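Structure at a glance
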Amino acid sequence: MSASERVQAALAAFDDPLARPEPSARASWLEDLAFLRARAEHEDLGAELLHRARTSVARHDPALAAVPRSVWELGRGCAPEARHALVRTAIERGVHLHTVGGSTPSSIGELLARLTEGDDELGTTLLKAVLQRTDHELKHPGYRGYAVRVADTLRGLGDLTEDPRQLEVWAEILPESARPRLAAVTRHLAPRGLAGIDALVGITLDDDLAPGLCAALAERWSFYDAIEAAARLRPLPQQLALLAIAERTSSPAHRQTLVTCFRRCPAGDPEEDYDLRFGSLFLRVGDVDGAIATLRAMGDRRSDWMGPASLALEIAGHLADHPEEATTERVQAVLAAPHAIPQALARVVTRLVYRLAPLTDVDAAVTKLRARFEPGDAGLVDAGEAAARFHAGDTSGGREALERALRVVRENRPLFFTVATYLDAARHGRVAEAAPDLLERVLEAIPLSHQHGSSLVKHLDPIGRRVTVAHLPELPAALAHELAVALAETADLRTERDLVETLVERAPGRAETLTLGRCFACVLARAGELDEARAVARLVGL
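These lines cover the structure that appears in this document, whether it is placed above or below.

Calculation notes
- Residues numbered from 1 in each chain as written.
- Predicted model: local features only at pLDDT ≥ 70, side-chain atom pairs only at ≥ 80, totals over all residues.
- Heavy atoms only, no water.
- Helix = DSSP H or I, 4+ residues; strand = E, 2+ residues; numbered from the N terminus.
- Buried < 20%, exposed > 50% of the residue type's maximum accessible area, 1.4 Å probe, protein only.
- Contact = heavy atoms within 4.5 Å.
- Areas by Shrake-Rupley, 256 points an atom, 1.4 Å probe, with all protein chains shown as cover.
- Lys, Arg positive; Asp, Glu negative; His and termini not counted.
- Charge placed at Lys NZ, Arg CZ, Asp CG, Glu CD.
- Phe/Tyr/Trp six-rings, centres within 6.5 Å; stacked < 30°, edge-to-face > 60°.
- Lys NZ or Arg CZ within 6 Å of the ring centre and 35° of its normal.
- Axes fitted to C-alpha atoms, helices over the stretch in contact; angles between N-to-C directions.
- Parallel < 35°, antiparallel > 145°, perpendicular 65-115°, else oblique.
- Left-handed = near helix turned anticlockwise from the far one by under 90°.
- Salt bridge = Lys/Arg side-chain N within 4 Å of Asp/Glu carboxyl O.
- Expected span 1.5 Å × (residues − 1).
- Disulfide = S-S within 2.5 Å.

**Notes on the overall build of the protein**
Along its length, the protein carries 33 helices and two strands. If one aligns the C-alpha atoms of the protein with their principal axes, the spans along those axes are about 75 × 65 × 40 Å. A buried classification covers 52% of the 542 residues belonging to the protein. Across the protein, every contact between residues at least 6 apart in sequence was considered, and the portion connecting residues at least 24 apart equals 70%. For the protein, the computed accessible surface area is about 24600 Å², with 50% contributed by carbon and sulfur atoms. Charge centroids of the protein, computed over 64 positive and 78 negative side chains, lie 2 Å from each other.

Here it is in structure tokens:
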């Protein structure tokens, strides 16, 4: 039986001549784009993408100018004529002006610039169009989205050209207020040195772009020019610039200079973030003890997104990557995570234990970590220990630790429990292979968490996926369907066709069958079975 026949049979099981017809079986635009993305791996979608961009599909989010970013991203796989036509359409529609806000705004300027490859004149036309301000930007000249859009476009154009003289061409086009955005073209700008940068860009560097430019200066021109450029910046970008420079230098003298410069740098606001970055700098210059000393000196934080728990995890990652540096004293100091408040420690403790457990005897430190949590959250520590033991081949020790973790969650009221940490521990420890019954118990714990964990289910190995599929009937219907979709989206058709077919055939209703059928169409398309994928797509409203 073909894939389309199976889907048709599954849908037919829910046909009821007495039932009212559904208002629409059409897919959502996210499902629509997922199918496009899957097909793009094996066919040129230029004409179809251009049609979608020009017709502005009404079902798309108006905030994205009716054409989602994904449409333009898919254009990268098209023939040059289609790519260039997409850019011209974006310019005509004004889509290039739209910037997604937030703490780190982004635009499609860099993406569109890359689509102009092979047509330098079109690239210049795009840059001129990007420089036009919207009505909002005219009223608010300092709007950050404008600067981001210009910088993104210049970065994309800079990566396309091998000719550094293009910098002068772009500089002529840019108004003086936009000249600092040229710092995005680090590839061609850094080899000019700081004096050349000042002459072309000006002495005022863009706070967001300066760290990358300073790193490029250190790598391609002069360490001391990079330090001088960093010294001009405000406290936060200066700290980030010094961190970026540290990744590009191996000289002991230069590393000591970086530490000295960081000590002299103002802390900025909020001040507590300075300590985390200082600890990160010590790690980047190879001074683990300096990072641990910073960790010990950090105070208690009520809001610990940038506090001692985060630094402890960063040091743990360094020691895991450099086991020759992982002395017992260092590991114990990091596991102690002094001054980290429970809610901050809860975010990292599973990964902390997982990374450090193989490096030393951590029993005493793990016992102390458990004592810092309420009983229901002590399982977070046990989950990390379980993952480490399973990963090391200690099946009995891993089973004991994970059973303990699951028991305390079931028997107590957790405050900070999130099933994501347990699923992550199960994945890292390959629990499905060593103890599939325990993975089932982890899945049963999902409803106890505010997170359903479907994103982590996508990272299970084939054994874990099969265990999960077998256990779906035991889970609440809504959760079972969410996990089924995650499994269907990630299955490998070459080895798991039966798994996807089972998910479709076991769907509890027509709506669920349609959703899983759309996932099936995407899996077929990714595998290159385009005719069968289209046949299924027609049945499920794609």
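**Structural notes on the packing of aromatic side chains**
Applying the stated criterion to the full structure yields five aromatic pairs. A ring pair is formed by Tyr274 and Phe278, whose centres lie 5.7 Å apart and whose planes are at 55°; its orientation type is tilted. Placement of both Tyr274 and Phe278 in helix H17 (residues 272–284) is noted, with a separation of four residues, approximately one turn of the helix. A relative accessible area of 11% means that Tyr274 is categorised as buried. Members of the aromatic cluster, each reached through a chain of ring pairs, are Phe262, Tyr274, Phe278 and Phe282. If you follow Arg133 out to its NZ or CZ, it ends over the ring of Tyr146, 3.7 Å from the centre.

**A look at helix H13 (residues 210–220)**
Three- or four-residue spacings in an α-helix give side chains the same orientation, since the helix completes a turn every 3.6 residues. A large share of H13 lies buried, amounting to eight of its 11 residues. When H13 is considered as a whole, its buried residues turn out to be Ala210, Pro211, Leu213, Cys214, Ala215, Ala216, Leu217 and Ala218. Where H13 is buried, its residues meet helix H11 (186–189), helix H12 (193–200), helix H14 (223–231) and helix H15 (235–246).

**Focus: the packing of H14 against H15**
Between H14 and H15, the least distance of the axes is 9 Å, while the angle of their chain directions is 165°. What the angle tells us is that H14 and H15 run roughly antiparallel. Like other packed secondary-structure pairs, H14 and H15 cross with a definite hand, here right-handed. Across the interface between the two elements, Phe223, Ala226, Ile227, Ala230 and Ala231 of H14 pack against Gln238, Ala241, Leu242 and Ile245 of H15.

**Let's talk about the environment of Met1**
Here Met1 shows up in the segment before helix H1 (3–12). On the accessibility criterion, Met1 (65% relative accessible area) is exposed. Through-space distance from the C-alpha of Met1 to that of Asp225 is 68 Å; in sequence the pair is 224 residues apart.

**Here's the deal with the pattern of salt bridges**
The tally for this structure, following the rule as stated, stands at 42 salt bridges. Taking the shortest distance from any N to any O, the salt bridge between Arg277 and Asp273 comes out at 3.9 Å. Here Asp273 and Arg277 lie together in helix H17, a separation of four residues that amounts to about one turn. Asp273 gets classed as buried once you look at its relative accessible area, which sits at 11%. In this structure, the salt-bridge partner of Glu400 is Arg404, at a minimum N-O distance of 3.9 Å. Of this pair, Glu400 and Arg404 both sit in helix H24 (residues 395–411), four residues apart, which is roughly one turn of that helix. A single network of salt bridges, built from pairs that share partners, joins Arg370, Asp382, Glu385, Arg389, Asp394, Glu400 and Arg404.

**Some points on the side chain of Thr515**
Along the chain, Thr515 turns up in helix H32 (residues 510–526). With relative accessibility at 18%, the residue Thr515 sits in the buried group. Here Thr515 is in contact with Glu31, His481 and Val485, once residues within four sequence places are set aside.

**Overview of helix H30 (residues 477–490)**
For H30, with 14 residues, the first-to-last C-alpha span of 20 Å sits near the 20 Å given by 1.5 Å per residue. For H30, the full list of buried residues reads Leu479, Ala480, Leu483, Ala484, Val485, Ala486, Leu487 and Ala488. Each element contacted by the buried residues of H30 is listed here: helix H27 (436–444), helix H28 (454–457), helix H29 (462–471), helix H31 (493–505) and H32.

**Looking at the state of the cysteines**
For the coordinates displayed, the defined rule picks out zero disulfides. The thiol of Cys214 is unpaired, and the distance to the nearest cysteine sulfur, on Cys261, comes to 11 Å. Cysteine Cys261 remains unbridged, with the sulfur of Cys265 as its closest cysteine sulfur at 9.1 Å.

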